[in-house]
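Here is what each chain is made of, one letter per residue.
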Amino acid sequence: YLKSNEEYTVDVDLGKLIGATGEVEHFIFKFKTRPLSYRMFVEGVHAPDFTNLKELEIHGRLNFNDPVDSSKLNKMVVAGQHGKELPIEWSVINNKTFAFNVRNVSRGKKDSEVIINANGGSVGSHGNQYKKIEVPSLDKFKITDVKVRNLPDQLIEVHFSDPVSENQDLYS
């Protein structure tokens, strides 16, 4: 891969390539690669264990336009709740896409929020991204996320703050 945000000069030797001579023997041009950029997606709050709704996780991912060294991601993204930093677990989908799980998100008697900050400077990208995720209190049942999925079938995916019983009648 070529390095992001770099200018390159190319000299095509047309003399060797197609036998051209004189002024057209060399074709010289410059180009510049795109700056490294990324987008952060948060897929909502999830309970890894439906028997313990006090401890949650937040799932998300980072998508880059160019390959990134995954060892730099821990310095790039920070998550916190109640003024405390939360641990983040990473998994590599490919060299441009990385999934993350923010662990130890607490759900208590009052609503709270988790702040996720991404600082692109640690991977050589400009710009910061900021996400605020609401964590509902234990006594609230609410929709926490809605997504439209079009492929392979069209559907609406709805996430709730608490598990819904498989026997729950959602039609009436």
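The model shown is predicted, which means the values in this text are computed figures rather than measured ones. (Residues numbered from 1 in each chain as written. Predicted model: local features only at pLDDT ≥ 70, side-chain atom pairs only at ≥ 80, totals over all residues. Heavy atoms only, no water.)

Caption draft 1: Focus on the sheet that holds strand 10 (residues 128-135). Reading across the sheet, the four strands line up as 6-5-9-10 and stay open at both edges, with antiparallel pairing between neighbours. One side of each edge strand has no neighbouring strand; the edge strands of this open sheet are strand 6 (84-86) and strand 10. Across the sheet, the mean angle from the axis of one strand to that of its neighbour is 30°, orientation sign disregarded. Where strand 5 (residues 77-81) lies against strand 6, three bridges are found, and the strand directions are antiparallel. Each bridged residue has a counterpart across the sheet, and for Gln81 the counterpart in strand 6 is Lys84. (Pairing = 2+ DSSP bridges. Helix = DSSP H or I, 4+ residues; strand = E, 2+ residues; numbered from the N terminus. Axes fitted to C-alpha atoms, helices over the stretch in contact; angles between N-to-C directions.)

Caption draft 2: Quick peek at the packing of aromatic side chains. Considering all chains together, one arrives at seven aromatic pairs under this definition. On the basis of an interplanar angle of 35° and a centroid distance of 5.3 Å, the ring pair of Phe27 and Phe29 is categorised as tilted. Judged by relative accessible area, which is 45%, Phe27 ranks as partly exposed. Owing to a relative accessible area of 32%, Phe29 belongs among the partly exposed residues under this scheme. Chaining the aromatic ring pairs together yields one cluster made of Tyr8, Phe27, Phe29 and Phe31. Taking NZ or CZ as reference, Arg61 lies 4.4 Å from the ring centre of Phe41, over its face. (Phe/Tyr/Trp six-rings, centres within 6.5 Å; stacked < 30°, edge-to-face > 60°. Buried < 20%, exposed > 50% of the residue type's maximum accessible area, 1.4 Å probe, protein only. Lys NZ or Arg CZ within 6 Å of the ring centre and 35° of its normal.)

Caption draft 3: How the structure looks around unusual backbone geometry. Put simply, Leu151 and Pro152 share a cis peptide bond, and its omega is 0°. Despite not being glycine, Asn5 shows a phi value in the positive range, around 55°. Position of Asn5 relative to the elements: it lies in the segment before strand 1 (7-13). In this structure, Asn104 takes a positive phi of about 60° despite not being glycine. Tracing the backbone shows Asn104 in strand 8 (residues 97-106). The exposure class assigned to Asn104 is partly exposed, which follows from its relative accessible area of 44%.

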